[in-house]
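Reading the structure
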Number of protein chains: 2
Amino acid sequence: MRRRTEYPTALRDLIAQLRQMPGIGPRSAERIALWIVQSKGDRPEQIASALRSTRETVRPCVLCGFFATQELCDICADESRATDLLCVVEQATDILPLEKTSAFRGRYHSLGGRISPLDHVGPEDLRIKQLLDRVEKENFSEIIFALAADVEGEATTNYLVDLLKDKGLNLTRIAHGLPAGGGLESADELTLYQALSGRTKL
Amino acid sequence: MRRRTEYPTALRDLIAQLRQMPGIGPRSAERIALWIVQSKGDRPEQIASALRSTRETVRPCVLCGFFATQELCDICADESRATDLLCVVEQATDILPLEKTSAFRGRYHSLGGRISPLDHVGPEDLRIKQLLDRVEKENFSEIIFALAADVEGEATTNYLVDLLKDKGLNLTRIAHGLPAGGGLESADELTLYQALSGRTKL
């Protein structure tokens, strides 16, 4: 049998590397790799540089876990923000969507995940000790839990509420209910149950 | 008005750079950038390295224009392939799909595009002189045109046929017709016209 014609090894290796990126399948990876090889100018080199320099300069904020280039992120360093409100989220990536609502001007704390025994993630794998330290040192009056509205998010919230319930803080969580624009016919039973039991006065 | 919270500049720059890649929109670019920042291990650095090394090592074959790490690509360097058949394609990326059919075991020549006045691409922008040189030096008996079945592909084929018609070569082009798996009801009028006029004996 004749040998099958293939791309050079360097190109095949690049395609394999690009497939590691989230949302990039074999076709996209090949398309991007061919663009990289065929680009005139130095755009691909600029991307490689941006990738490396981001890896070198962007680190988690030591306080909240959001993306930072200094020790503290822009949110923690912003003295105009309320210091008595803390919003606990699962991931650093949950912070920007909350910020975009402009509904919250306090501080954040990212746990870096949620308790999930099936994925071998226990409380000791999360930034819970750091959260308790902050509760001791900073002067919060309310802690808002903004974790996912699923089993693991709920379990993690409950676990943290247990740890914090005797500290004299208001512990709240974001509302669960019908998503904006969603009709009743497209909502599942649990969502409707939560929408009903969480009904608010008009 | 309060300042809007944003990602650090390095991260926003990385997102902008990633958006340059084909098929990557703002959401994908953000998702990939966050993966790059948050990856444990050195996968992102490996991608940057693969990107750079591919740019350094992969070049167009001097003869046919396919991807090569030596002066000649694997196809042009393969002495077991027929030397009397030449297949002309628009782009180097058209070669691998043709190879996958296993229907052709001759040589290739990539033009690097097609004549397209609207995009300011004229014959002098394509690898046509190199094609004529090869026709003089190599001993082809047939030249197969495998350009796109559209106006510009046709115009480019016709232009090259005019240049080559007095060289005593068989000039052919790949068949136009109904795509495999395609029903008549989903084919456009021109495809059906070409399928009819190109009908073959059974």
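Everything here concerns the structure above.
Residues numbered from 1 in each chain as written. Chains lettered and ligands numbered in written order. Predicted model: local features only at pLDDT ≥ 70, side-chain atom pairs only at ≥ 80, totals over all residues. Heavy atoms only, no water.

In terms of regular secondary structure, chain A is built from eight helices and six strands. Helices and strands in chain A line up, N terminus first, as α-α-α-β-β-α-β-α-β-α-β-α-β-α. For chain A, the C-alpha radius of gyration of 23 Å lies well beyond 17 Å, the compact-globule estimate for 202 residues. Across its three principal axes, chain A shows a C-alpha extent of roughly 75 × 45 × 35 Å. Looking at chain A residue by residue over its 202 residues, the buried ones come to 41%. (Helix = DSSP H or I, 4+ residues; strand = E, 2+ residues; numbered from the N terminus. Rg over C-alpha atoms; globule rule 2.2 N^0.38 Å. Buried < 20%, exposed > 50% of the residue type's maximum accessible area, 1.4 Å probe, protein only.)

Okay, the interface of chain B and chain A next. Facing the 57 residues of chain B at the interface are 57 residues of chain A. Summed over both partners, the interface of chain B with chain A buries about 5500 Å², with 62% contributed by carbon and sulfur atoms. Its largest share of buried area at the contact with chain A, chain B owes to Thr5(B), Leu51(B) and Arg55(B), together 13% of the area lost on that side. Linking Glu45(A) and Arg55(B) is a salt bridge whose minimum nitrogen-to-oxygen distance equals 3.0 Å. Applying the counting criterion to the chain B and chain A interface returns 16 residue pairs in polar contact (both at pLDDT 80 or more). Elements represented by at least two residues in the side of chain B that touches chain A include exactly helix H1 (9-18), helix H2 (26-38), helix H3 (43-57), strand S2 (67-68), helix H4 (74-77) and helix H5 (95-100) of chain B. Top element by residues in the side of chain B that touches chain A is H3(B). It accounts for 13 residues. (Contact = heavy atoms within 4.5 Å. Buried area = accessible area lost by both parts, 1.4 Å probe. Salt bridge = Lys/Arg side-chain N within 4 Å of Asp/Glu carboxyl O. Polar contact = N/O pair within 3.5 Å; in protein donor to acceptor, adjacent residues only side chain to side chain.)

All names here are of chain A. In the structure shown here, the tally under the stated rule is 25 salt bridges over all chains. A salt bridge links Arg114 to Asp150; the nearest nitrogen and oxygen atoms lie 3.1 Å apart. Note that Arg114 is positioned in the loop between strand S4 (107-110) and helix H6 (128-137) and Asp150 in the loop between strand S5 (142-145) and helix H7 (151-164), a separation of 36 residues in sequence. A salt bridge links Arg173 to Glu154; its shortest N-O distance comes to 2.9 Å. Here the residue Arg173 occupies a position in strand S6 (residues 170-173), and Glu154 occupies one in helix H7, the gap between them amounting to 19 residues. With relative accessibility at 22%, the residue Glu154 sits in the partly exposed group. Look at the salt bridges and you will find they share partners, linking Glu90, Arg114, Asp150 and Glu152 into a network.

On to the environment of Ala10(A), then. Structurally, the position occupied by Ala10(A) is in helix H1 (residues 9-18). Leaving out residues up to four positions away in the same chain, Ala10(A) has contacts with Thr54(B), Thr57(B) and Val58(B).

All names here are of chain A. The buried count for strand S3 (residues 85-89) comes to four of five residues, which makes it a mostly enclosed element. Taken together, the four bridges between S3 and S5 define a ladder with parallel strand orientation. Along S5, the bridge assignment pairs Cys87 with Ile144. Bridge count for S3 against S4 is four bridges, and the pairing is parallel. Each bridged residue has a counterpart across the sheet, and for Cys87 the counterpart in S4 is Tyr108. (Pairing = 2+ DSSP bridges.)

A word on the sheet that holds S6(A). All names here are of chain A. Taken in spatial order, the four strands line up as S4-S3-S5-S6 in an open sheet, and their pairing is parallel. At either end of the open sheet lies a strand with only one pairing partner, and these are S4 and S6. The average undirected angle you get between the axes of adjacent strands in this sheet is 25°. Here S5 pairs with S6 via four bridges, running parallel. For Ile143, the partnering residue across the bridge sits in S6 and is Leu171. Contacts from H6 reach S3, S4 and S5 within the one sheet, and its direction differs from that of S4 by about 155°. Together, S3, S5 and S6 form the strand contacts of H7, whose direction differs from that of S5 by roughly 165°. (Axes fitted to C-alpha atoms, helices over the stretch in contact; angles between N-to-C directions.)

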